[in-house]
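Spelled out, the chains give:
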Amino acid sequence: PRVASPVVDHPGLPAAARGFVGELVALGLLSADDVPALVQKAGPRVNQLTTRERTADALVGLKFLTRYQATRALTGQGHGLVLGAYRVLDRLNSGSVGVVFRGEHPVLKRPVAIKVLAADETVRPELVERFTGDVRVLAGLNHPHVVSAFDAGVVPAAADRPALHYLVLELVPGGDLENYVCEHGSQPAARVAE
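Residues numbered from 1 in each chain as written. Predicted model: local features only at pLDDT ≥ 70, side-chain atom pairs only at ≥ 80, totals over all residues. Heavy atoms only, no water.

**Some remarks on the overall build of the chain**
Applicable threshold: By definition, any uninterrupted DSSP run of H or I lasting at least four residues is a helix, any uninterrupted run of E lasting at least two residues is a strand, and each is numbered from the N terminus. Exposure is judged per residue with a 1.4 Å probe applied to protein chains only, and the accessible area is read against the type maximum: over 50% gives exposed, under 20% gives buried, and values in between give partly exposed. Here the positive residues are Lys and Arg and the negative ones are Asp and Glu; neither His nor the chain ends is included. In plain terms, the charge of a residue is placed at NZ if it is Lys, CZ if Arg, CG if Asp and CD if Glu.
A count of helices and strands for the chain gives seven helices and six strands. Shown N-terminal to C-terminal, the secondary structure of the chain runs as helices and strands in the order α-α-α-α-β-β-β-β-α-β-β-α-α. Projected onto its principal axes, the C-alpha positions of the chain cover 60 × 40 × 30 Å. Buried positions account for 34% of the 194 residues belonging to the chain. Computed over 20 positive and 20 negative side-chain charges, the inter-centroid distance for the chain is 6 Å.

**What about the pairing of strand β6 (residues 163–170)?**
What counts, and what does not: Being paired, for any two strands, means DSSP has found at least two bridges between them.
With seven of its eight residues buried, β6 lies for the most part within the structure. Of the strand pairs in this sheet, strand β5 (residues 149–155) and β6 are connected by six bridges, and their pairing is antiparallel. Along β6, the bridge assignment pairs Val-154 with His-165.

**Concerning the pairing of strand β4 (residues 111–119)**
Across six bridges, the pairing between strand β3 (residues 98–104) and β4 is antiparallel. Bridged to Val-100 within β4 is Lys-115. Joining the antiparallel neighbours β3 and β4 is a turn of six residues, in which Lys-109 adopts a positive phi near 60°. Pairing of β4 with β6, which is carried by eight bridges, proceeds in the antiparallel orientation. Bridge pairing in β6 links Val-116 to Tyr-166.

**Examining the nonpolar core**
Heads up, the condition is: For our purposes a nonpolar core is just a set of buried Ala, Val, Leu, Ile, Met, Phe, Trp, Tyr and Cys residues, chained together by side-chain atoms within 4.5 Å.
Leu-13, Leu-24, Leu-59, Leu-83 and Ile-114 are the most contacted members of the largest nonpolar core, which totals 37 residues. Elements represented by at least two residues in this core include exactly α1 (15–27), α2 (34–42), α3 (52–61), α4 (67–74), β2 (86–95), β4 and β6. By residue number, the principal contributor to this core is α1, which donates six residues. Counting 12 residues, the second largest nonpolar core, distinct from the first, contains Val-97, Ala-113, Val-123 and Val-128.

**Quick notes on the sheet that holds β4**
Convention followed: A contact between two residues is defined here by any heavy atoms of the two lying within 4.5 Å. The angle between two axes is taken between their N-to-C directions and runs from 0 to 180 degrees, where each axis is a line fitted to C-alpha atoms and a helix contributes only its stretch in contact.
If you trace the six strands from one edge of the open sheet to the other, you get β1-β2-β3-β4-β6-β5, paired in antiparallel fashion. Looking at the sheet topology across the chains shown, the edges are occupied by β1 (82–83) and β5. Relative to β2, β1 is paired through two bridges, and the arrangement is antiparallel. Considered in β2, the bridge of Leu-83 is made with Tyr-86. Taken strand by strand, α4 contacts β2 and β3, and its axis lies near 95° from that of β2.

**Observations concerning the confidence of the model for the chain**
Put simply, the test is: Confidence scores labelled pLDDT are given residue by residue by the predictor and lie between 0 and 100.
Per-residue confidence for the chain gives a mean pLDDT of 89; residues scoring 70 or more make up 95%. Of all the helices and strands in the chain, helix α7 (residues 189–193) carries the lowest mean pLDDT, 81, while α4 carries the highest, 98.

**Points about the side chain of Arg-72**
Cut-off, in case you're wondering: A carboxyl oxygen of Asp or Glu within 4 Å of a side-chain nitrogen of Lys or Arg is what we treat as a salt bridge. What qualifies as a polar contact is a pair of N or O atoms within 3.5 Å, subject to a donor-acceptor requirement within protein and to the restriction that residues adjacent in sequence count only when both atoms come from side chains.
The topology assignment puts Arg-72 in helix α4. Within the buried core, Arg-72 has no salt-bridge partner, and the shortest N-O distance to an opposite charge, that of Asp-90, equals 8.7 Å. Separated by 2.6 Å, the side chain of Arg-72 and the backbone oxygen of Gln-77 make a polar contact. Ignoring any residue separated from it by four or fewer positions in sequence, one finds Arg-72 in contact with Gln-77, Gly-78, His-79, Gly-80, Leu-81 and Phe-101.

As structure tokens, this is what we get:
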């Protein structure tokens, strides 16, 4: 389902683009202040933004959205693209207790990893308790070899959308350890410690 959107009125923006940009503002992926910059960056091509899809493509090309955000917004899956003060940029991986996304704080421009557990009526309560316990344990740790926890919270359930428990973590580059071992084989002890 599409998000009820505020009126985004800009004289240079075609109607379809205004509607889609309004949805993005309602989701928190764009601010109303981004609209004049979008029109300016699009230049004369702004008149070609006659569909939601063309507008999404332009927003990706102009670096206002990622392809992941645009695809989710176009398909009505915007729930969870903004978690607290953080915007989800892309999906990184999934595990036994949730999905991990690449995210960013829009003001600080700090890249982060965001671990999310969607908790609907099918999720066992002990899984939510485990997630919450992991959050509390990680929050109490401060060590150079342990990722830092920056934030945590819950986006409440609404209509047909589950509650989203999230943990915002330091984004550590380098990929998946299991994939590294599969690709490079077992490693010397000094390398493993590193």
